[in-house]
Amino acid sequence: MTISETTPAGDPLIEARDVLARIRARVLHQVIGRDDVIDLVLIALVADGHVLLEDFPGSGKTTLAKALGGAIRAPEDGGLASFRRIQFTPDLLPSDVTGLSVFDPERGAFDFRPGPVFTQILLADEINRTSPKVQAALLEAMGEKQVTLDNVTHPLDRLFFVIATQNPRDLAGTYPLPVAQLDRFLFKVRMEPIDREAELEVLRTRRERRDEDPAELPPVGQEEVLRARDAIDANVMVDDAIHECLVDTAAAIRADDRVAQAASTRSLVLSVPALQARAALHGRDFVSSEDLADLLPWVLAHRIEAVALGSAEPYDLARELMAGPLDRLARRSLRR
Amino acid sequence: MILEALRPNVLTSLRAAALALAAVVVISPLTVAAGVVAAAVAAFAGACLADAYQRRTAAGPLRTRGAAIAAGSIGLGGAVLAGWLANQPSLTSFLGVAGAVALIEALRSASVIGAFAFLLRTAAARGQLAAVAEVGIVAAAVSISFAAHRGGQVHRPFALSDWAWSHGIDPALVFLVLGVAATGLLAALLVSETRRYRLPIHALAIVALGLLVVTLVRVSGLPLNTPGSGLGLTGEAAAQPQEGRASEGKDGKGQRRDNLQLDDLPFRDDYESDGDQAPVAVVVLHDDHSPPAGVYYFRQTAFSHYNGFRLVESASDYDRDVLRIFPSQPWDVPDAPPLSGSRAPLPTSFGLLVDHVKPFALDSPARVEPRSVVEDFRFQRTYHVISHVQTLPYVQMLGGRAGEPHWSAEAWAHYTSHPADPRYRKLARSLVETLSPEYQEDPLARAMAVKSYLDEQGIYSLKSQHASAEDPAASFLFGDLTGYCVHFAHAATYLYRALGLPARVAAGYAVPEADRAGGSALLVRGGNAHAWPEIHLEGVGWVVVDLAPETALDGGLAAADPELQRLLGEMLREQLREVPFEEPGARWTPADLGARVRQLLLGLLALGFALKWWRRLVPWVAPAAARPRLFYRAALDRLSELGERRRFGETREAFALRQTSRAPSFPQLTEVHLRAAFGGGAGVAPENLLDVARGLRQELSVTPLWRRLLGGLDPTAWMRSR
């Protein structure tokens, strides 16, 4: 008995799931051995959040972002690229990201030249290598979904989705993102090295994967993604017990001695669509404890500022502290 | 972190301590103190060694077998060595006998017990069945020691009970403490047990141990010899057939007497005096009182009905001032002598150390209040009596009249009938004639004339030869005048009656005033048992006119140990202070408490099973909306019985995933349940829910039978399903 058997056909949720499955299949075709990260990125995409990947160079971040961009067709009219990449360097200027006004002598007026943020999927590579000013420009664009230049507001694409990366090791000459800026990312994902089989598979299939557009997997239209987003928001049920568990978890983390600063209320609000997206991705029309257990550490970990460095890995801390609220949630399900 | 590191050590120590405790309890009746200590140390060390060995070397079966063989040979070798040493005279000469015995015993028990503990632990660490045996052995060792104390018989193990007695502690208390310690150890093991399959076993062992403790332990009273009182005053004495009666039965008289159903005082040729010193009761006088006769008479019963052969207890119409039963409520004695110039009220408290058939009280009781009607820690019974004691000296009672004016002719006849033998009247008359003329009609003076005759002529002896006579009293009175109190009391009573004085024989305890030694407590001992004659005077009631033979072949009872008397008196006071005025039966004794605990445990057990089956069966009849939750809960209960429980913080889905191999239907059921719980009202039970539930039951029935049986017997599994 699965969801498809119990839910009536023509359900918008099934269509949404279908869209997600198609994107997923396309990305999976390109990226091997990163199923869990792909799921997180997909969830963030649907939940209208952004993702920060922590990884070493050459671990497939760009491939992943490009594959995602390739899986979503840009709207015909806008002339936008579906995928852009910014390689951050210390000498980058904010206008290199957002775009700039150029004086057009023929018209005698300023013309707006859109920067790389005017796209669907943006890969912000090594975001901690650039100056805080540039970081702020990007993060504002991420938060507001618009760029303001010379008092003129330029809206970004409705699907604007950022995959930022940073290298957790090579920290010399970097500008680490402060917690407040990290808060703009829905997930911070630390990518572990892929396993041996997957790595072998990468080597074996490099030729096929170079054919970028597998004919049997057509890209998904932007409108479809947006529709799926709405369908999931409207149709995946979030029980009040789930809300309570979210709030209890945040409270438990804030109350812990090892934590100096913890998840904001905003982050809890942001996490609800992510939970819904994960439920939908797993074929459910309701958010369950499994979604919480799986997603919440990714949502909360990078928002936790530990009292002492190295006292505890935030991800493990979040997992440990959410055990109590999760247990209450499980027991509560038996009581009514 | 530190706790985690310590955990194995703590567990090992707990196990080892449990084994050491069991070893002490088992070995203590068998060996000397040194052997007990050595056994305890060896058991502890053996268990620790076994655990350390198991942990350090990932020992394969071969190495384990080798270690086991080594341990076995050490145990055997130690025993053989001890046996060899026992035959070495040089050892004895070197260490002395006591030292040699201690050494040999220590060596023997240490090697045997140590090896046994090592083997047991090693086996328990490797096999499930042996782990059960381990818990079982500890539990059995402790419970056996309790079983030896069934009914308050404190005699084993000697080392512990003797020690307790010599320190003034009730041994039962010591064993209770040991039992609690063992139970606590097992409980600690249970709590820290990491292997789930052992949990129900340990739980059962603890429950069994608790039940055994409750069932078998009776807190005992003081260890007392059963007093050999020949007067049938105590419960035990009355229950046993008596020698005197048996001999009477031979000459055909016993048969008729048996039909009367009334007790009399047996005449015996050889009065047993074994239990003379044994305390039977302690009395506390709450006011100062010096009896005119110099003796406190505690009357228990009276014999006034002459049935043609002897005096027996009369039916209820007469002697109503005698206490016939232990009252359960405060009770005013009918026919109690009035308070006049001759009598004064005296409150007294009684603590019985030996069971008695009837209460006894200082002459003459007017009101009896029970204090405790059931056995408690020290005293079999305690009660409180207000007696109207005689204060008037005998001289001042001269000039009174016998009997009461309102007595009917039957009453007079009842109290004055005596054997038809004319010699009584003749002797009595001749005695009265010695009195000066003004006293010849005075009842008390006449009684005194009889008394002084018997005092002068009678010989007090515990050995006599009248019991087989037709009328033992006549045989005594007109024969050698040799006998003990029963003979004297009967002879005097018949003589009083021959003079027309209402008289009776009373029995109970007589304690000389000197025994009080100035204190307020009076120790009544078996040797104080006594029978005496009484006459009735108008307005005074029954007056003791006891005899004091001047010639005695047997010595009187030595005074009681004043320390013991004072101590027991203090204990009685203490007891009465603790429960000053309570309703009878309200006090909980240990036995009572045990019964309640047993009831409570049984009740809880029944409740546990009832709830367990309710939770299992209710989903089948529940409304459809509640079914997913109830079926899921029932499935959780079933898994819990098999020892599978959701861990803390584990989601239901993760738990379901963990159970997939055991119960493939369980994840499905979990999903149905979660949909109902978190999916809002949309969670209607699908049609195949019943099939899923049945499927799950089928899947779980593959589990080994013993595991399922164990789970089925566990009334608490459902409490732990999460």
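Residues numbered from 1 in each chain as written. Chains lettered and ligands numbered in written order. Predicted model: local features only at pLDDT ≥ 70, side-chain atom pairs only at ≥ 80, totals over all residues. Heavy atoms only, no water.

*Asks:* How do you make sense of the overall build of chain A when you look at a structure like this?
*Replies:* When its secondary structure is counted, chain A shows 15 helices and 13 strands. Across the 336 residues that make up chain A, the buried fraction comes to 51%. The contacts of chain A with a sequence gap of at least 6 include a subset with a gap of at least 24, amounting to 77%. Counting only carbon and sulfur atoms, one obtains 51% of the accessible surface of chain A, whose full area is about 15700 Å². (Helix = DSSP H or I, 4+ residues; strand = E, 2+ residues; numbered from the N terminus. Buried < 20%, exposed > 50% of the residue type's maximum accessible area, 1.4 Å probe, protein only. Contact = heavy atoms within 4.5 Å. Areas by Shrake-Rupley, 256 points an atom, 1.4 Å probe, with all protein chains shown as cover.)

*Asks:* Which parts of the structure should I look at to understand the interface of chain A and chain B?
*Replies:* Note: interface size is frequently given as the accessible area lost on complex formation between the parts. The interface is formed by 25 residues belonging to chain A together with 24 residues belonging to chain B. Overall, the association of chain A and chain B removes approximately 2100 Å² of surface from exposure, summing both partners, and the carbon and sulfur fraction of that is 60%. At the surface where chain A touches chain B, the tally comes to 2 salt bridges. Between B:R646 and A:D327 there is a salt bridge, with the nearest N and O atoms lying 2.9 Å from each other. Our count for the chain A to chain B interface comes out at 10 residue pairs in polar contact (both at pLDDT 80 or more). Those elements that place two or more of their residues in the side of chain A that touches chain B are α11 (240-255), α13 (289-300) and α15 (323-333) of chain A. The dominant element in the side of chain A that touches chain B, judged by the number of residues it contributes, is α15(A), at 8 residues. Looking at the side of chain A that touches chain B residue by residue, the classes come out as 13 nonpolar, 4 polar and 8 charged. (Buried area = accessible area lost by both parts, 1.4 Å probe. Salt bridge = Lys/Arg side-chain N within 4 Å of Asp/Glu carboxyl O. Polar contact = N/O pair within 3.5 Å; in protein donor to acceptor, adjacent residues only side chain to side chain. Nonpolar A, V, L, I, M, F, W, Y, C, P; charged D, E, K, R; others polar.)

*Asks:* So what exactly am I meant to see when it comes to a nonpolar patch on the surface here?
*Replies:* Judged by side-chain polarity, B:L600, B:L601, B:L604, B:L607, B:L611 and B:W614 come together as a nonpolar surface patch covering roughly 590 Å² of accessible area. Mapping B:L604 onto the fold places it in helix α18 (residues 590-617). (Patch = residues over 30% accessible without salt bridge, like charges linked within 9 Å, V, L, I, M, F, W, Y side chains within 5 Å.)

*Asks:* Quick question: what am I supposed to make of the packing of α13(A) against helix α14 (residues 314-321) of chain A here?
*Replies:* The geometry of a pair of packed helices is captured by two quantities: the angle between their axes and the separation between those axes. All names here are of chain A. One can describe the packing of α13 onto α14 by two numbers: an axis separation of 9 Å at closest approach and a directional angle of 135 degrees. With respect to α14, the axis of α13 lies oblique. Viewed along their axes, α13 and α14 form a crossing whose handedness is right-handed. Contact with α13, carried on its side by A293, P297, W298 and L300, involves Y315, A318 and R319 of α14 and no other residues of that element. Residue classes in the contact of α13 with α14 are distributed as 6 nonpolar, no polar and 1 charged. (Axes fitted to C-alpha atoms, helices over the stretch in contact; angles between N-to-C directions. Parallel < 35°, antiparallel > 145°, perpendicular 65-115°, else oblique. Left-handed = near helix turned anticlockwise from the far one by under 90°.)

*Asks:* Would you take a moment to explain the packing of aromatic side chains for this structure?
*Replies:* For any pair of aromatic rings, the description consists of the separation of the ring centres together with the inter-plane angle of the planes. Counted according to the given criterion, the structure contains 22 aromatic pairs over all chains. Look at A:F103 and A:F110: their rings are 5.4 Å apart centre to centre, the planes differ by 65 degrees, and that puts the pair in the edge-to-face class. You can call A:F110 exposed: its relative accessible area is 58%. A centroid spacing of 4.9 Å and a plane angle of 90 degrees characterise the contact between B:W620 and B:F631, whose relative ring orientation is edge-to-face. In this pair, B:W620 sits in the loop between α18 and α19 (627-641) while B:F631 sits in helix α19, placing the two residues 11 residues apart along the sequence. By relative accessible area, B:F631 is classed as buried at 3%. The structure contains a cluster of three or more aromatic residues connected by ring pairs, namely B:F298, B:F326, B:F350, B:F360, B:Y383 and B:Y509. Geometry around B:W613 places B:R616 over its ring, the cationic atom sitting 4.9 Å from the centre. (Phe/Tyr/Trp six-rings, centres within 6.5 Å; stacked < 30°, edge-to-face > 60°. Lys NZ or Arg CZ within 6 Å of the ring centre and 35° of its normal.)

*Asks:* Looking at this structure, how should I read the sheet that holds strand β7 (residues 361-362) of chain B?
*Replies:* Each strand in a sheet pairs with its neighbour through backbone hydrogen bonds, running either in the same direction (parallel) or in the opposite one (antiparallel). Residues and elements named next belong to chain B. Taken together, 5 strands build an open sheet; the order of strands is β7-β2-β12-β14-β15 and the sheet is antiparallel. Each of the sheet's edge strands pairs with one partner strand only, and the pair in question is β7 and β15 (541-544). Pairing between strand β2 (residues 295-303) and β7: 2 bridges, direction antiparallel. What sits directly across from F298, in β7, is L362. Relative to strand β14 (residues 529-537), helix α16 (residues 485-498) is tilted by about 15 degrees, and along the sheet it contacts β12 (503-512) and β14. (Pairing = 2+ DSSP bridges.)

*Asks:* What am I meant to see in empty space enclosed by the protein here?
*Replies:* The probe, sized like a water molecule, is rolled over the atoms to show the empty space still left. Residues and elements named next belong to chain B. Per the stated rule, a full pass over the model turns up 9 cavities of 30 Å³ or more. Put simply, the largest cavity is a space of about 130 Å³. Taken together, 13 residues line the largest cavity, and the ones lying closest to its centre are P291, V295, Y297, D363 and Q390. The greatest single-element share of the lining of the largest cavity, amounting to 3 residues, is contributed by β2. Considering only residue class, the lining of the largest cavity consists of 10 nonpolar, 2 polar and 1 charged. (1 Å grid on protein atoms, 1.4 Å probe; cavity = no way out; pocket = protein on both sides within 12 Å on 5 of 7 lines; lining within 4 Å. Points joined across faces, edges and corners; volume = space filled by probe spheres on them.)

*Asks:* Any chance you could explain the pattern of salt bridges here in plain terms?
*Replies:* Side-chain pairs of opposite charge can arise where the charged atoms are in close proximity. What the rule picks out here adds up to 51 salt bridges over all chains. Between A:R258 and A:D256 there is a salt bridge, and its shortest N-O distance comes to 2.9 Å. Overall, A:R258 belongs to the partly exposed group, its relative accessible area being 29%. Linked through salt bridges whose partners overlap, the residues forming this network are B:R299, B:D319, B:D321, B:D363, B:R504 and B:E534.

*Asks:* I tried to follow the layout of surface pockets on my own but got confused; where do I start?
*Replies:* In this structure, the largest pocket spans a volume of roughly 1200 Å³. Taken together, 38 residues line the largest pocket, and the ones lying closest to its centre are A:E54, A:K188, A:R190, A:E313 and A:P314. Looking at the lining of the largest pocket, the elements that each hand over two or more residues are α3 (35-46), α7 (179-182), β10 (187-190), β13 (305-306) and α14 of chain A. Within the lining of the largest pocket, the residues separate by chemical class into 23 nonpolar, 6 polar and 9 charged. Lining the second largest pocket are 37 residues, with B:Y460, B:G527, B:H530, B:G556 and B:L557 sitting closest to its centre. At the level of secondary structure, the elements contributing two or more residues to the lining of the second largest pocket comprise β2, α14 (443-457), α16, β12 and β14 of chain B. Considering every element that reaches the lining of the second largest pocket, the biggest residue donor is β14(B), with 5 residues. Looking at the lining of the second largest pocket residue by residue, the classes come out as 25 nonpolar, 7 polar and 5 charged.

Treat this as a map of the structure, not an account of what it does.
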